Amino acid sequence: MAHDDALARRNALVLSGAQALAGANASVVFATGALVGASLGPSPAWATAPTTTFVLGTALATMPAAYLLRRLGRRAAYQYGAAMGLLAGLLAAYAVREGSFALFMIATAMCGCYQAFVVNYRFGATDNASPGFRPKAIAWVLAGGIAAAFVGPQLVIHTMDMMPPFTFMASYIGQALVAGLSIFLLFFFRNAPAPAAGSQEPARPLREILKSRRLKLAIGISAIAQALMNFIMTATPLAMIGCFHTTTEATLAIQWHIVGMFLPGFFTGPLIARFGVYKVIAAGLILLALCGIVGLSGITIAHFNTALILLGVGWNFAFVGASAVVAEGQKPSERNLVQGFTDLVIFSVTALASLSSGKLLAGFGWASLNIALFPFIIAALAMVALLLRDDRRRVSG
């Protein structure tokens with residue numbers, strides 16, 4: 001494949017900007033979805049249902065997004081995704097105006113569909129890049145992710161009361177406008193020339209690929225890390241409001257959480273190279289446990305902010321490390337299949353975690369969510385231990 005770093009550099013910059021703008025999609029839903037759900041839903045137990053439909057939308061759109069990327073090329077497919085985000089924001093604003101819980105959940109599901117395209121930006125940044133430039137291209141997109149941590153929350157803070165008495169209606173109109181700006185920005189993306197057709201080994205059936213215990217364990221760790229992160233993040237705004245903190249303070253807590261998620265992306269790879277993937281995954285799981293400990297130790301702003309930063313960094317280490325293990329051992333013809341199946345498992349489990357967090361918070365309180373982290377963290381650490389044991393047996397045998 002011919003490399004063109006000038007084209008890759010241009011596309012990485014465009015996608016970095018698009019990633020920053022897309023922050024108004026996910027973070028607006030995470031910061032406000034449960035609060036809107038609490039006001040529109042049939043009971044407090046259903047408050048996190050809109051965030052759950054966001055996750056389900058992402059899961060269900062993963063494979064269609066991959067199809068559109070292959071069929072239409074990255075630029076057109078990314079623009080379709082942003083158009084979905086624009087329509088989703090307008091529909092969410094209308095749902096708030098009309099007080100329709102069902103319509104609001106449809107809107108957040110559409111926001112999730114947009115997110116399914118956004119998560120592919122890191123791959124679009126590396127098309128036709130030389131091996132030496134690929135890490136930089138990914139880092140530039142991640143830098144856009146850090147900017148996204150501020151775009152969405154600040155949008156919420158400055159617009160939530162602009163259209164009284166419909167709190168957050170203006171926030172979703174703003175989210176739609178930012179998605180429209182992303183459509184325009186993506187016109188500057190240039191599709192890389194398609195690689196020359198070459199012979200490839202045929203893909204194995206998925207059931208045969210999944211005979212690998214290593215793959216199944218890595219998928220399990222990824223799903224636990226993602227689900228626990230969403231489990232706590234989804235309920236945090238509700239918990240903070242219940243502890244007499246303001247909506248602005250809850251939104252800022254989500255902002256710092258997203259910074260914690262993206263900022264380690266600049267050094268997680270080097271840490272894996274230096275210390276090994278298992279140690280990085282284990283460190284991430286320990287940070288998730290520390291999040292639970294901090295959450296149990298108090299309900300001040302400092303406790304919530306510290307817990308959410310630990311949650312973000314812990315998720316990054318555990319999820320990126322496990323994803324690196326998932327990526328091992330597949331033929332080129334099998335990667336899309338394995339990645340699609342992995343994302344389907346991860347987001348399906350995450351949707352269950354998102355919905356259950358609202359019910360657990362309503363029924364048993366904030367402490368119960370933090371306590372619930374520990375059995376799953378122990379299970380994930382046991383999976384890491386099995387991976388390590390299997391590696392040692394392969395080396396010795």
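Coordinates for the structure precede this section.
Residues numbered from 1 in each chain as written. Predicted model: local features only at pLDDT ≥ 70, side-chain atom pairs only at ≥ 80, totals over all residues. Heavy atoms only, no water.

Enquirer: Looking at this model, I keep getting lost on the overall build of the protein. Mind explaining?
Expert: Check the secondary structure of the protein and you find 15 helices and 0 strands. The globule rule puts the C-alpha radius of gyration for 397 residues at 21 Å, and the 21 Å found for the protein is close to it. Reported as C-alpha extents along the three principal axes, the dimensions of the protein are approximately 60 × 50 × 35 Å. Counting only residues that meet the buried cut, the protein has 53% of its 397 residues in that class. Taking the contacts inside the protein whose residues are at least 6 apart along the sequence as the reference set, 84% of them involve residues at least 24 apart. (Helix = DSSP H or I, 4+ residues; strand = E, 2+ residues; numbered from the N terminus. Rg over C-alpha atoms; globule rule 2.2 N^0.38 Å. Buried < 20%, exposed > 50% of the residue type's maximum accessible area, 1.4 Å probe, protein only. Contact = heavy atoms within 4.5 Å.)

Enquirer: Where do I start with helix H4 (residues 101-118) in this structure?
Expert: Along an α-helix, residues three or four positions apart point the same way, because every turn accommodates 3.6 residues. With 18 residues, H4 should cover 26 Å at 1.5 Å per step; its first-to-last C-alpha distance of 26 Å lies within 8% of that length. Among the 18 residues that make up H4, 13 are buried, leaving the element largely enclosed by the rest of the structure. Near the N-terminus of H4, the side chain that reaches the backbone nitrogen of leucine 103, with its oxygen 3.1 Å away, is that of serine 100. (Expected span 1.5 Å × (residues − 1). Polar contact = N/O pair within 3.5 Å; in protein donor to acceptor, adjacent residues only side chain to side chain.)

Enquirer: Before we go on, may I ask you to explain the environment of phenylalanine 275 in this structure?
Expert: Position of phenylalanine 275 among the secondary structure elements: in helix H11 (residues 268-275). Put simply, phenylalanine 275 and phenylalanine 30 are 245 residues apart on the chain and 33 Å apart in space, counted from C-alpha to C-alpha.

Enquirer: What is the right way to read the layout of surface pockets from this model?
Expert: Where empty space is left becomes clear once a probe the size of a water molecule has been rolled over the atoms. Roughly 180 Å³ of internal volume is contained in the second largest pocket. Only helix H9 (213-242), helix H14 (335-364) and helix H15 (366-396) provide two or more residues apiece to the lining of the second largest pocket. At 5 residues, H9 tops the list of elements feeding residues into the lining of the second largest pocket. (1 Å grid on protein atoms, 1.4 Å probe; cavity = no way out; pocket = protein on both sides within 12 Å on 5 of 7 lines; lining within 4 Å. Points joined across faces, edges and corners; volume = space filled by probe spheres on them.)

Enquirer: Got a minute to help me understand the packing of aromatic side chains in this structure?
Expert: Aromatic ring pairs: the centre-centre distance and the angle between the two ring planes describe each pair. Scanning the entire structure with this criterion turns up 8 aromatic pairs. Each ring, one from tyrosine 78 and one from tyrosine 121, has its centre 4.8 Å from the other, and the planes form 80 degrees; the classification is edge-to-face. Here tyrosine 121 lies in helix H5 (residues 121-124) and tyrosine 78 lies in helix H3 (residues 74-98), a separation of 43 residues in the sequence. The same class applies to tyrosine 78 as to tyrosine 121, namely buried. Judged by centre distance (5.2 Å) and plane angle (15 degrees), the rings of tryptophan 315 and phenylalanine 319 are stacked. (Phe/Tyr/Trp six-rings, centres within 6.5 Å; stacked < 30°, edge-to-face > 60°.)

Enquirer: What am I meant to see in the nonpolar core here?
Expert: The nonpolar side chains of a soluble globular protein tend to be buried with one another. Counting residues in each nonpolar core, the largest one holds 94 residues, and the members touching the most others are Tyr172, Ile232, Leu285 and Leu311. A total of 18 residues in this core trace back to one element, the largest contributor, which is H9. The residues touching leucine 285, leaving out its near neighbours within four places in the chain, are Ala318, Ile377, Ala380, Leu381 and Val384. Of all hydrophobic cores here, the second largest spans 27 residues; its members include Ala8, Leu69, Phe117 and Val141. (Core = buried A, V, L, I, M, F, W, Y, C linked by side-chain atoms within 4.5 Å.)

Enquirer: What is the right way to look at a nonpolar patch on the surface in this model?
Expert: On the surface, a cluster of nonpolar side chains totalling about 420 Å² of accessible area is made up of Leu181, Phe184, Phe187 and Phe188. Considering the arrangement of structural elements, one finds phenylalanine 188 in the loop between helix H7 (169-185) and helix H8 (206-209). A relative accessible area of 39% means that phenylalanine 188 is categorised as partly exposed. (Patch = residues over 30% accessible without salt bridge, like charges linked within 9 Å, V, L, I, M, F, W, Y side chains within 5 Å. Areas by Shrake-Rupley, 256 points an atom, 1.4 Å probe, with all protein chains shown as cover. Salt bridge = Lys/Arg side-chain N within 4 Å of Asp/Glu carboxyl O.)

Enquirer: Explanation requested: the packing of helix H2 (residues 49-72) against H3 in the structure shown.
Expert: Helix-helix packing: each pair is described by the crossing angle between the helix axes and the interaxial distance. It is at 7 Å that the axes of H2 and H3 come closest, and there the two elements cross at 140 degrees. Here H2 lies oblique to H3, going by the angle between them. Here Leu68, Leu69 and Leu72 of H2 come into contact with H3, specifically with Arg74, Ala76, Ala77, Tyr78 and Tyr80. (Axes fitted to C-alpha atoms, helices over the stretch in contact; angles between N-to-C directions. Parallel < 35°, antiparallel > 145°, perpendicular 65-115°, else oblique.)

Enquirer: Help me understand the environment of isoleucine 346, please; the structure alone is not making it clear to me.
Expert: Relative to the assigned elements, isoleucine 346 resides in helix H14. On a C-alpha basis, the gap between isoleucine 346 and glycine 220 in space is 8.1 Å, while along the polypeptide they are 126 residues apart. Setting aside anything within four residues of it in sequence, one finds isoleucine 346 in contact with Ser222, Ala223, Gln226 and Phe319.

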